[in-house]
Each structure stands twice: as C-alpha cells, then as structure tokens.
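Each chain, letter by letter, is given below.
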Amino acid sequence: TLGRIPTTVATLLTTMTDSKVLILLLINLLLLLVGCFMETVCAIMILAPILFPVVTALGVDPIHFGIIMVTNLAIGFITPPLGVNLFVASRVGETTLDVVIRGIVPFLVLMIATLVPIFFNALAGAGGLSPVNYLAYWGYASSVVTVITAVLGPILGTLADTRGFKKPIFML
C-alpha cells in the first residue's frame, strides 16, 4: 500500500522482540481483542494484509496463520460486547442476554482449549509441515470440538433450560 502500513507493523513487531512465541502470543491476543469489537469478515480484510508479513517473517505457514486468525476471531464472535451470536441465541431462545452469556462459558472454554494446540502447532510449523498436514490437523481438532459439543450440548442445554431459557439451547 501507499502508507506501507504492513511493512511498518512487521518491522515494529519483529524489532520489539526476537521471540517467535511472544510475537505469536501478541498476535493471538490482538485477534481475540479485535474479534470482540469487530465483525469477522471486516477484521480479516483489514488485519490479514497487515499481519501476513509478520507471520511469514517468523516462518509460520500462511494456511496455518489463516486457521489461527479464523479461530481467534470465532472466539471473539461469541464474546461480548459485539457477540452477534449471543444476540441471535437470546432472541431464538426467548431469554435475556446475560442468561445466554452464562450458558456459553463452557463452550468458550472449549474453544480456547482448542486454540492452544493450534498455537503450539504454529510454533512447530516452521519445521516444514505441509499445508495438507495443517488442514488434517485442523480437521482433527474441529472434529474433537464437534464431538465434545455434541455430547455437552444437550447437557448444557438442559442446565441452561433450568436457568431461564424458554427453549433448550441445543434447539437453537
């Protein structure tokens, strides 16, 4: 771009510290924070060109960076204050927003727990894993989350139903 913002941000982050772990942690925290306040598609369109030179300089595969970015922004998508999914769930479940927020906490913990191995895989990714292996890993991680959510969904839905939902959460 004319303003050379991606290059400036890349130089700033890489000169701030030499630690790959610290830079990736800062990027993860930035994406989580941005996901709380900005729509996912807009955040990807704005931040991907800015952060891409940074992660490629660190040796992170671009596909893995995309997985990290989408996972972080998805976590932000279900957290207040924006949390569009929370508003939809409260409307469909015919309940208040605070009840939905209390019901989403176990799922939020599960999503953050899924983010941890993705982050550590990015650290090991500079060793040369192929994009196919990354996609297979992501498929495995999302399958585990899906199975756990399928098992916990009815249980959490029943618990949430006793806390004020007019419809069980798994019916959403």
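The structure we're discussing is the one just above.
Owing to the predicted nature of the structure, the values given are computational and were not obtained by experimental measurement. Residue positions are given per chain, counted from 1 along the sequence in the order it is written. Reporting in this predicted model follows two pLDDT cut-offs: at least 70 for local features of residues, and 80 or more for side-chain atom pairs to be given and counted; totals over whole chains, interfaces and linings ignore these cut-offs and use all residues. Heavy atoms from the whole structure form the basis of all side-chain values; hydrogens and water molecules are not counted.

*Asks:* Would you mind going over the packing of helix α2 (residues 20–37) against helix α4 (residues 62–77) with me for this structure?
*Replies:* Pairs of packed helices are described in terms of their axes, by the angle between the two and the distance that separates them. Running from amino to carboxyl end, α2 crosses α4 at an angle of 40°, the nearest separation of the two axes being 7 Å. Accordingly, the angle class assigned to the pair α2 and α4 is oblique. The chirality of how α2 crosses α4 is right-handed. Seen from α2, the contacting residues are I27, N28, L31, L32, V34, G35 and C36; seen from α4, they are F65, I68, M69, N72, L73, I75, G76 and F77. The axes are straight lines fitted to the C-alpha atoms, using for helices just the contacting stretch, and the angles between their N-to-C directions are given from 0 to 180°. For helices the rule is a DSSP run of H or I covering at least 4 residues; for strands it is a run of E covering at least 2, with both sets numbered from the N terminus onward. Throughout, the term roughly parallel applies to angles under 35 degrees, roughly antiparallel to angles over 145, roughly perpendicular to angles from 65 to 115, and oblique to all others. By convention, the crossing between two helices is left-handed when the near helix turns anticlockwise from the far helix through less than a right angle, and right-handed when the turn is clockwise. When checking whether two residues touch, look at their non-hydrogen atoms; a contact exists if any pair is within 4.5 Å.

*Asks:* I would appreciate a short explanation of the nonpolar core in the present structure.
*Replies:* Nonpolar side chains tend to gather and get buried jointly when the protein is soluble and globular. Within the largest apolar cluster, 22 residues are counted, with the highest numbers of intra-cluster contacts made by L24, I27, L51, V54, V60, F65 and M69. Counting residues per element, the ones that place at least two in this core are α1 (5–16), α2, α3 (40–58), α4 and α6 (97–124). The greatest single-element share of this core, amounting to 6 residues, is contributed by α3. Not counting residues up to four positions away in its chain, the partners in contact with L51 are I27, L30, L31, F65 and M69. One finds I75, L86, I104 and L108 within the second-largest nonpolar core, a separate group that totals 9 residues. Only buried residues count toward a nonpolar core, which is a set of Ala, Val, Leu, Ile, Met, Phe, Trp, Tyr and Cys residues joined through side-chain atoms within 4.5 Å. The buried label applies to any residue whose accessible area, calculated with a 1.4 Å probe on protein chains only, is under 20% of its type's maximum; exposed applies above 50%, and partly exposed to all values in between.

*Asks:* Explanation requested: helix α5 (residues 84–92) in the structure shown.
*Replies:* Turn by turn, an α-helix covers 3.6 residues, leaving residues three or four places apart pointing in a common direction. Those residues of α5 not exposed but buried are L86, A89 and S90. Down the axis of α5, the smallest arc covering the buried residues is 95°, so these residues share one side. Phi for E94, located one or two positions after α5, is positive at around 50°. Comment: arc refers to directions from the helix axis out to C-beta atoms.

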